[in-house]
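Coordinate inspection notes
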Amino acid sequence: MKKEFTDIEKDRIIEMAWEDRTTFDSILMQFGLKEQEVIYLMRIEMKPTSFRRWRERVQGRKTKHEKLRDFQEGRFKCSRQRQINNNKISKR
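Below is a short write-up of the structure. Keep in mind the model is a prediction, meaning the values are calculated, not measured. (Residues numbered from 1 in each chain as written. Predicted model: local features only at pLDDT ≥ 70, side-chain atom pairs only at ≥ 80, totals over all residues. Heavy atoms only, no water.)

Some remarks on helix α2 (residues 24–31)
Test applied: For each residue, the accessible area found with a 1.4 Å probe, counting protein chains only, is set against the maximum for its type, and the residue is called buried under 20%, exposed over 50%, and partly exposed in between. Here a helix means four or more residues in a row that DSSP labels H or I, a strand means two or more in a row labelled E, and each is numbered from the N terminus. In this description, the arc belongs to the directions extending from the helix axis to the C-beta atoms. Residue contacts are counted whenever heavy atoms from the two residues lie within 4.5 Å of one another.
Residues of α2 that are buried: F24, I27 and F31. An end-on view of α2 places all buried positions within 55° of arc, on one side of the element. Packing partners of the buried residues in α2 comprise α1 (7–18), α3 (35–45) and α4 (48–58). Downstream of α2 by one or two residues, G32 has phi in the positive range, about 75°.

Things to note about the packing of aromatic side chains
As a reminder of what qualifies: Any Phe, Tyr or Trp ring, taking Trp's six-membered ring, that has another such ring centre within 6.5 Å forms a pair; planes under 30 degrees apart are called stacked, those over 60 apart edge-to-face, and the others tilted.
Applying the stated rule across the entire model yields two aromatic pairs. Consider the rings of F5 and F31, whose centres lie 6.2 Å apart with planes at 75°: the pair is edge-to-face. With F5 in the segment before α1 and F31 in helix α2, the pair connects residues that are 26 residues apart, well separated along the chain. Residue F5 is classed as buried on the basis of its relative accessible area, which comes to 7%. Where F51 meets W54, the ring centres are 6.0 Å apart and the plane angle is 40°; that geometry is what we call tilted. Taken together, the residues span about one helical turn, with F51 and W54 both in helix α4 at a distance of three residues. Here the two residues F51 and W54 agree in accessibility, since each one is buried.

Encoded structure:
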């Protein structure tokens, strides 16, 4: 890893890496880290058991790789996800 990150930036990268729908390409665009660099960061910043759990979860997951996704544009949104209007979560 070339760049030094603040604790807040590291936390955000780890958060993005854990999110199912956030691609490694998004992390590359935002922070300049390639997939292997994200894996290295996760390895040194997380407990070994948490890292292994994350690797099992991410390996082979289509949504983490932009080219393998079923949808190309926009953001995936679950039909059960609630709308946020005027800082309040609307009821169905």
